[in-house]
Amino acid sequence: MLKTFSCLTLALLAASSQAAPRLDCQIRQEDRSWQPSFAPVADPYTVKALEINERFHFKAVVIGDEKQVDYVKIYVHYATWAHPQPLYQGSWLKPATNAATSPDALTGKVRLYAPGLEQELEFGCALREVQP
């Protein structure tokens, strides 16, 4: 009886602590680096862009919930004095989470260059499952 109760308790605990998806990114620009993480949201318009060295804006939109990701979109803009200039847009529909250790398992390694200034931005992202 005690053994059955323990197995049932463990099964319930495992179900209640189910892993949730999260987009982990590594960004490098000049000699600085960032490692932002993005959880799924329901409204893409609530996601704010991350400012990188006052030169680039990096925005990762993960649409879904704690069980599944519907899509991921990544935008990178170059900050000009007039308005941000689009440099990159990547989209992934129904991406699978990845247990691989590669930090760029979803996107691959992406290198972008600011027009005329030879400023490089490098990033890679992986969609992972993490314990809450």
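Residues numbered from 1 in each chain as written. Predicted model: local features only at pLDDT ≥ 70, side-chain atom pairs only at ≥ 80, totals over all residues. Heavy atoms only, no water.

J.: How should I be thinking about the pairing of strand S9 (residues 120–130) in this particular structure?
T.: Put simply, side chains in a regular strand alternate between the two faces of the sheet. In terms of residue burial, S9 counts as a mostly covered element, since 8 of its 11 residues are buried. Relative to S9, strand S1 (residues 20–29) runs antiparallel, the two sharing 10 bridges. Opposite Arg22, over in S9, you have Arg128 as the bridge partner. Pairing analysis gives 4 bridges linking strand S8 (residues 110–113) to S9, with the strands arranged antiparallel. Paired with Tyr113 across the two strands is Glu120, which belongs to S9. Linking S8 back to S9 in an antiparallel pair, the connection comprises 6 residues, with Gly116 at a positive phi of about 75°. (Buried < 20%, exposed > 50% of the residue type's maximum accessible area, 1.4 Å probe, protein only. Helix = DSSP H or I, 4+ residues; strand = E, 2+ residues; numbered from the N terminus. Pairing = 2+ DSSP bridges.)

J.: What is the right way to read the pattern of salt bridges from this model?
T.: Side chains that carry opposite charge are capable of pairing whenever their charged atoms lie near each other. Considering all chains together, one arrives at 9 salt bridges under this definition. Between Arg55 and Glu30 there is a salt bridge, and its shortest N-O distance comes to 3.4 Å. Here Glu30 lies in the loop between S1 and strand S2 (32–34) and Arg55 lies in the loop between strand S4 (50–52) and strand S5 (56–64), a separation of 25 residues in the sequence. Given the relative accessible area of 25%, Arg55 is considered partly exposed. Of the residues examined, Glu30 reaches a relative accessible area of 41% and is grouped as partly exposed. Between Lys94 and Asp70 there is a salt bridge, and its shortest N-O distance comes to 3.3 Å. (Salt bridge = Lys/Arg side-chain N within 4 Å of Asp/Glu carboxyl O.)

J.: Can you walk me through the pairing of S1 in this structure?
T.: Counting buried positions along S1 yields 7 of 10 residues, so the element is predominantly enclosed. Two elements, S1 and strand S3 (residues 37–38), share 2 bridges in a ladder whose sense is antiparallel. What sits directly across from Asp24, in S3, is Ser37.

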